[in-house]
Amino acid sequence: MAMLEVRDINVFFGVIQAIKNISFDVNQGEVVALIGANGAGKTTTLHTITGLLSAASGNIYLDGKDITKVPAHKIVGMGMAHVPEGRRVFASLSVYDNLKMGAYTRKDKKEIAQSLEMVFTEFPRLKERRNQVAGTLSGGEQQMLAMGRALMSKPRIILMDEPSMGLSPLYVDEIFKIISRIKKDGTTVLLVEQNANMALSVADRAYVLETGKIIIEGNANELLNDERVRKAYLGA
Amino acid sequence: MKFLSQLISGISLGSIYSLIALGYTMVYGIAKMLNFAHGDVIMIGGYVVYTACVTAGLPAAAGVLIAIVFCTVLGVAIERFAYKPLRSASSLAVLITAIGVSYLLQNVALLIFGSDTKSFSSVVSLEPVSLADGALVISGETIVTIIVSVIIMVALIVFINKTRPGKAMLAVSEDKGAAQLMGINVNGTIALTFAIGSGLAAVAGALLCSAYPALSPYTGAMPGIKAFVAAVFGGIGSIPGAMIGGILLGIIENLSKGYISSQLSDPIVFAVLIIVLLVKPTGLMGKKINEKV
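Remember, predicted model here, so these are calculated numbers, not experimental data.

Visitor: What exactly am I supposed to notice about the overall build of chain A here?
Guide: Along the backbone of chain A there are 10 helices and 10 strands. By the compact-globule yardstick of 18 Å for 236 residues, chain A fits well, its C-alpha radius of gyration being 17 Å. Counting only C-alpha atoms, chain A reaches 45 × 40 × 35 Å along its principal axes. When each of the 236 residues of chain A is scored for burial, the buried share is 55%. Taking the contacts inside chain A whose residues are at least 6 apart along the sequence as the reference set, 66% of them involve residues at least 24 apart. Carbon and sulfur atoms make up 50% of the accessible area of chain A, which amounts to about 9,900 Å² in all. Considering chain A, the positive charge centre built from 29 side chains and the negative charge centre built from 26 side chains are found 5 Å apart.

Written out as structure tokens, the structure is:
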């Protein structure tokens with residue numbers, strides 16, 4: 001049984017169908033990438049999984065439990081964190097308060113302090129700027145904060161939406177290194193990216209979305225060499 | 001001495017505006033809507049105190065407590081039945097609904113209590129304090145209003161910045177979606193905001209009717225509008241803004257009454273608002289976040 005199973009979901013915006021019968025799996029310990037062009041339905045898929053949007057039909061299972069109708073605010077407590085597109089840190093709160101917000105559903109203060117230490121070790125930059133207001137951080141720092149905030153919930157699976165978007169090449173490298181480390185620590189990752197090259201270099205498996213449908217799936221290595229993927233998404 | 005006396009009663013009146021403005025500004029910050037029925041919750045609070053104390057003869061403290069509970073429940077019910085179904089509707093639809101709720105509350109009060117003005121008996125039993133050989137007399141209502149307001153405001157600031165539900169309110173006011181991803185129940189947080197705002201309105205109602213002891217179904221309308229002005233004046237969405245805006249408004253209103261003309265005090269208050277908004281469109285303490293992209 002896969003950790004996250006998505007089965008035949010359909011999502012509509014009014015009369016427009018954004019997601020057409022998508023099914024895929026994410027296994028424990030894997031990094032799975034969803035790649036595709038702008039508007040392919042990648043973000044919509046993530047929003048549907050965490051309950052920010054609801055599917056017209058289909059089911060989503062986390063550890064075998066049907067979470068299709070579970071409201072968004074109950075998802076994080078089940079071990080699934082979501083780093084949203086555009087980072088969406090709480091701009092007027094400090095770095096520290098943003099991180100604390102990530103542990104909102106957790107009760108044990110000692111364990112929260114441990115997670116905070118862990119996040120500060122992973123992102124020394126955030127430790128330096130812990131009292132700074134999040135809105136004044138650079139884009140790359142905000143991305144790190146959004147990832148650190150998600151890690152504060154001690155998730156078993158993290159959904160990441162375009163973590164490299166709008167960042168300088170240096171930060172893009174840094175972000176993908178962090179994703180590999182998150183994987184090494186045993187956390188499962190579902191990664192949405194337009195930067196297919198980078199995504200495939202860090203992922204175990206990938207699904208290619210086009211206008212709301214999965215058109216190709218396979219191991220990341222295979223896809224890196226797949227003629228269609230290379231032509232359409234890798235600029236080769 | 002006249003100036004000092006006018007200033008102190010201005011601060012007292014302003015404290016009441018602040019308590020009401022807090023309800024406006026918190027609801028705006030979190031639900032992004034203007035709850036124009038908020039002023040009428042004050043009036044309902046006044047009638048509950050009147051019924052409990054004058055009609056049923058309960059002690060003042062019990063009357064105020066009943067009013068707080070009643071208005072808190074009323075505020076949550078208004079949100080649940082009138083505003084929540086419109087969560088994804090246009091803001092114009094919500095605004096019109098809020099005005100509708102305002103008229104509903106006024107007319108329910110009219111139906112139950114009639115249109116005649118009731119003379120309210122003060123919930124404050126403190127004797128006036130006489131200073132400087134009687135040149136400066138401060139009424140018990142003024143003193144209690146200022147003290148109660150300061151306590152409430154300090155408590156509110158601590159609640160919002162230090163407690164879990166308070167921080168959840170901050171997160172929801174900034175980004176509902178991201179707040180949900182943190183595990184925050186947005187609907188619950190909005191309900192809590194209405195509960196707090198309406199509870200404060202009940203306190204404001206009791207204090208207002210004690211200082212100006214005439215109660216009618218329209219009692220809440222003008223203070224409601226003034227408090228809304230105070231919230232905009234201070235920067236709508238900002239809690240310290242509502243506090244400062246309310247107190248400044250009360251001072252300006254009272255000094256205009258005392259030194260210029262009691263008829264012109266309202267136009268002066270609104271003129272000051274217009275000038276502030278021309279110079280600083282976000283209000284005195286309006287949120288201005290430097291966001292890098």
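Visitor: Honestly, the sheet that holds strand β8 (residues 188-193) of chain A in this entry has me stumped. Any pointers?
Guide: Adjacent strands of a sheet pair through backbone hydrogen bonds, lying either parallel or antiparallel. All names here are of chain A. One open sheet accounts for six strands, arranged β6-β7-β8-β3-β9-β10; its pairing is mixed. Strand pairing shows two members of the sheet lacking a second neighbour, β6 (80-83) and β10 (213-219), which therefore form its edges. Neighbour-to-neighbour, the strand axes of this sheet turn through a mean angle of 15°, independent of strand direction. Two elements, strand β3 (residues 31-36) and β8, share five bridges in a ladder whose sense is parallel. Across the sheet, V32 pairs through a bridge with L190, a residue of β8. Contacting β3, β7 (157-161) and β8, helix α7 (residues 169-184) crosses the sheet at an angle of about 155° to β8.

Visitor: What is the right way to read the nonpolar core from this model?
Guide: Taken as a class, soluble globular proteins show a tendency for nonpolar side chains to be buried jointly. Core analysis: the biggest nonpolar cluster contains 82 residues, and A:F90, A:M101, B:L22, B:I78, B:Y83, B:L105 and B:I184 have the highest contact counts within it. Here the element with the most residues in this core is helix α8 (residues 186-211) of chain B; it accounts for 13 residues. Listed in part, the 49 residues of the second largest apolar core include A:F120, A:A134, A:I178 and A:I216.

Visitor: Please explain the pattern of salt bridges as it appears in this structure.
Guide: Two side chains with opposite charge may pair up if their charged atoms get near one another. Considering all chains together, one arrives at 20 salt bridges over all chains under this definition. Ionic pairing is found between A:R106 and A:E111, a salt bridge with its closest N-O pair at 3.8 Å. Exposure remark for A:R106: the relative accessible area of 13% places this residue in the buried category. We classify A:E111 as partly exposed; its relative accessible area is 33%. One salt bridge connects B:K226 with B:E253, and the closest N-O pair in it is separated by 3.3 Å. Of the two residues, B:K226 sits in helix α9 (residues 221-234) while B:E253 sits in helix α10 (residues 239-259), which places them 27 residues apart along the sequence. No difference in accessibility class separates B:K226 from B:E253, as the two residues are buried. When salt bridges that share partners are traced, they join B:K226, B:E253, B:K257 and B:D266 into one network.

Visitor: Please explain the packing of aromatic side chains as it appears in this structure.
Guide: Each aromatic ring pair is described using two quantities: the centre-to-centre distance and the angle formed by the ring planes. All names here are of chain B. What the rule picks out here adds up to seven aromatic pairs over all chains. Residues Y24 and F36 carry aromatic rings whose centres are separated by 6.3 Å and whose planes lie at 65° to one another, so their mutual orientation is edge-to-face. On the criterion of sequence distance, the pair formed by Y24 in helix α1 (residues 2-31) and F36 in the loop between α1 and α2 (38-55) is long-range, its members being 12 residues apart. For the ring pair Y47 and F113, a centre distance of 4.1 Å and an interplane angle of 15° mean the geometry is stacked.

Visitor: How do you make sense of the interface of chain A and chain B when you look at a structure like this?
Guide: How big an interface is tends to be reported as the loss of accessible area on association of its parts. If you look at the interface, chain A gives 25 residues, while chain B gives 20 residues. With both chains or domains summed, chain A and chain B bury close to 2,200 Å², and 60% of this area falls on carbon and sulfur atoms. Broken down residue by residue, the surface that chain A buries against chain B is led by A:H73, A:F90 and A:Y104, which jointly contribute 31%. Scanning the region where chain A abuts chain B turns up two salt bridges. Here A:R88 ties to B:D175 by a salt bridge, and the two come within 2.8 Å at their closest N and O atoms. At the junction of chain A with chain B, the criterion picks out four residue pairs in polar contact (both at pLDDT 80 or more). Only α2 (72-75), α3 (95-102) and α6 (139-151) of chain A provide two or more residues apiece to the side of chain A that touches chain B. For the side of chain A that touches chain B, the element with the highest residue contribution is α3(A), accounting for three residues. Counted by class, the side of chain A that touches chain B contains 11 nonpolar, 10 polar and four charged residues.

Visitor: Is there a simple way to think about the pairing of strand β9 (residues 205-210) of chain A in this case?
Guide: Remember that side chains alternate between the two faces of the sheet whenever the strand is regular. Residues and elements named next belong to chain A. With five of its six residues buried, β9 lies for the most part within the structure. Pairing of β3 with β9, which is carried by five bridges, proceeds in the parallel orientation. By the bridge assignment for β9, G36 is matched with L209. As defined by bridge partners, β9 adjoins β10 across six bridges and the pair is classed as antiparallel. In the sheet register, A206 faces β10, and the bridge partner there is G218. Linkage of β9 to β10, two consecutive antiparallel strands, is achieved through a turn of two residues, within which T211 is found at a positive phi near 35°.

Visitor: Help me out: how do you make sense of the packing of helix α5 (residues 140-162) of chain B against α8(B) in this one?
Guide: Helices that pack against each other are described as a pair by the angle of their axes relative to one another and the distance between those axes. All names here are of chain B. At a minimum axis distance of 10 Å, the contact between α5 and α8 shows a crossing angle of 170°. As the angle between them shows, α5 and α8 are arranged roughly antiparallel. Note on element contacts: α8 touches α5 through L192, I196, L200, V203, L207, S210 and A211, opposite E141, V144, T145, V148, I152, L156 and F159. Of the residues assigned to the contact of α5 with α8, the class counts are 11 nonpolar, two polar and one charged.

Visitor: What exactly am I supposed to notice about the sheet that holds strand β1 (residues 4-13) of chain A here?
Guide: All names here are of chain A. Pairing is antiparallel in the open sheet, where four strands are placed in the order β2-β1-β4-β5. Two strands bound the open sheet, and with one partner strand each, they are β2 (16-26) and β5 (65-66). Relative to β5, strand β4 (residues 57-62) runs antiparallel, the two being bridged by two bridges. Each residue of the ladder has a partner; that of L62, found in β5, is K65.

Scoring rules and cut-offs
- Residues numbered from 1 in each chain as written.
- Chains lettered and ligands numbered in written order.
- Predicted model: local features only at pLDDT ≥ 70, side-chain atom pairs only at ≥ 80, totals over all residues.
- Heavy atoms only, no water.
- Helix = DSSP H or I, 4+ residues; strand = E, 2+ residues; numbered from the N terminus.
- Rg over C-alpha atoms; globule rule 2.2 N^0.38 Å.
- Buried < 20%, exposed > 50% of the residue type's maximum accessible area, 1.4 Å probe, protein only.
- Contact = heavy atoms within 4.5 Å.
- Areas by Shrake-Rupley, 256 points an atom, 1.4 Å probe, with all protein chains shown as cover.
- Lys, Arg positive; Asp, Glu negative; His and termini not counted.
- Charge placed at Lys NZ, Arg CZ, Asp CG, Glu CD.
- Pairing = 2+ DSSP bridges.
- Axes fitted to C-alpha atoms, helices over the stretch in contact; angles between N-to-C directions.
- Core = buried A, V, L, I, M, F, W, Y, C linked by side-chain atoms within 4.5 Å.
- Salt bridge = Lys/Arg side-chain N within 4 Å of Asp/Glu carboxyl O.
- Phe/Tyr/Trp six-rings, centres within 6.5 Å; stacked < 30°, edge-to-face > 60°.
- Buried area = accessible area lost by both parts, 1.4 Å probe.
- Polar contact = N/O pair within 3.5 Å; in protein donor to acceptor, adjacent residues only side chain to side chain.
- Nonpolar A, V, L, I, M, F, W, Y, C, P; charged D, E, K, R; others polar.
- Parallel < 35°, antiparallel > 145°, perpendicular 65-115°, else oblique.

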